[in-house]
Amino acid sequence: MDTGSGTDMGAGAGTSTGGGTSTGASTGTGGGAGTSTGTSAGTDTGATPGADTTSGVGTGTGAGGPAGLRDFYENPAVPVASGDARSRRQARLLAAALDRPGALVLDVGCGDGTAAAVAGPILAGHRIVGVDWSHDALRRARPRMSHVVRGEVDGGGLPFADGCADAVLFSEVIEHLVDPDRAMDELRRVLRPGGHLMLSTPNLAAWYNRALLLAGRQPVFSEVSLRGIHGRPGTEVVGHLRLFTARALRSFLRSAGFEDVRVSAAPFHGVPRGLRLIDRAACAVPSAASILLAHARRG
């Protein structure tokens, strides 16, 4: 589940785009975080027959995550949506990369579905499956998406067959993960050879974070507690566990078996109004921008 902050340079940004349905996956009760609610339907999205589409704990913390984190991401007060700029930019990048209609796109960490309304028209003609771990996020996503499926990127894994997907959207999720290495293994598993990974995450080295660190302040997007904000701008706690710079993100994706890694940028919706022109201009230099957009291919 990707979460964002709608306030005053708070923490994080974005839900990923999509909607859709998984194939041949059965309903069931999930382990770890209570009883499952998501069901799947359809015939052509590549889900493993008989798989439990709702087992375990998934895109927020993983099956190995502490119970406190699982409870945190199921809290309806935790934000699961953000601004539109990242969604539009990411969808355009993916639309340009997909070379044929009807591609299967897994939107892992679809959140509450608000981004689907923005990106859906850009990705028209492709089959999009929305996947998230949070019951609450999926409940809110259903009115905005055709279909949603509950799934995880670690523990029991995603309910899809090996190499079934042409692309994976993984937007504002990795910063919430206890084990991002295992998550990358799972995303790589479901992608076909040459398939596209579109990943976005806040930038630890954003232009304003550099100034904050020089002043001895905690950077925006970083959090030291799930109970309150300490030492940084913003008012909302969204559960960020890991942050990347552009250099670190490129290296991480290459080490996970992805090739042709390209990093671009998007602005952050929580930047104060008077600084938004600067934030948009910073997108010309991804290493200093607010949001990192990575496009990579499975090797």
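See the structure shown above.
Residues numbered from 1 in each chain as written. Predicted model: local features only at pLDDT ≥ 70, side-chain atom pairs only at ≥ 80, totals over all residues. Heavy atoms only, no water.

A. Expanded view of the overall build of the chain. Along the chain, the regular secondary structure elements total 8 helices and 7 strands. Within the chain, the fraction of its 299 residues that count as buried is 58%. Of the contacts formed within the chain by residues at least 6 apart in sequence, a portion of 76% connects residues at least 24 apart. For the chain, the exposed area adds up to about 11000 Å²; of that, 53% sits on carbon and sulfur atoms. (Helix = DSSP H or I, 4+ residues; strand = E, 2+ residues; numbered from the N terminus. Buried < 20%, exposed > 50% of the residue type's maximum accessible area, 1.4 Å probe, protein only. Contact = heavy atoms within 4.5 Å. Areas by Shrake-Rupley, 256 points an atom, 1.4 Å probe, with all protein chains shown as cover.)

B. The arrangement of the environment of Arg144 in detail. Position of Arg144 relative to the elements: it lies in the loop between helix 4 (135-141) and strand 3 (148-150). The spacing of Arg144 and Ala115 is 29 residues in sequence and 9.1 Å in space, taken between C-alpha atoms. If sequence neighbours within four positions are ignored, Arg144 has contacts with Asp112, Gly113, Thr114 and Ala116.

C. Representation of helix 2 (residues 85-97). When the terminal C-alpha atoms of helix 2 are compared, their 19 Å separation across 13 residues agrees well with the 18 Å that a helix rising 1.5 Å per residue should span. Taken residue by residue, helix 2 has Arg86, Ser87, Gln90, Ala91, Leu94 and Ala97 as its buried positions. When helix 2 is viewed along its axis, its buried side chains cluster within an angular range of 125 degrees and face the same direction. (Expected span 1.5 Å × (residues − 1). Arc of directions from axis to C-beta.)

D. A look at the nonpolar core. If you look at the biggest cluster of nonpolar residues, it comprises 35 residues, and the most contacted ones within it are Phe170, Met184, Leu197 and Leu253. Of all the elements in the fold, those that place two or more residues in this core are strand 1 (104-108), strand 2 (127-132), strand 4 (165-171), helix 5 (180-190), strand 5 (191-202), helix 7 (246-255), strand 6 (258-266) and strand 7 (291-298). Judged by nonpolar contacts, the second largest core, of 11 residues, contains Leu98, Ala103, Leu123 and Leu169. (Core = buried A, V, L, I, M, F, W, Y, C linked by side-chain atoms within 4.5 Å.)

E. Layout of the packing of aromatic side chains. The full count for this structure, using the stated rule, is 4 aromatic pairs. A centroid spacing of 5.0 Å and a plane angle of 65 degrees characterise the contact between Phe221 and Phe268, whose relative ring orientation is edge-to-face. Of this pair, Phe221 sits in the loop between helix 6 (207-214) and helix 7 while Phe268 is found in the loop between strand 6 and helix 8 (276-282), placing the two residues 47 residues apart along the sequence. Exposure class is identical for Phe221 and Phe268. Each is buried. (Phe/Tyr/Trp six-rings, centres within 6.5 Å; stacked < 30°, edge-to-face > 60°.)

F. Fine view of the side chain of Ser222. Looking at the secondary structure, you find Ser222 in the loop between helix 6 and helix 7. Beyond its immediate chain neighbours, meaning those up to four positions away, Ser222 contacts Arg232 and Leu243.

G. Seen up close, unusual backbone geometry. In the Ramachandran plot, Glu172 falls in the positive-phi region, its phi being about 55 degrees despite a non-glycine side chain. Mapped onto the secondary structure, Glu172 falls in the loop between strand 4 and helix 5. The phi dihedral of Asp260 falls on the positive side, at around 50 degrees, and the residue is not glycine. With respect to the helices and strands, Asp260 occurs in strand 6.

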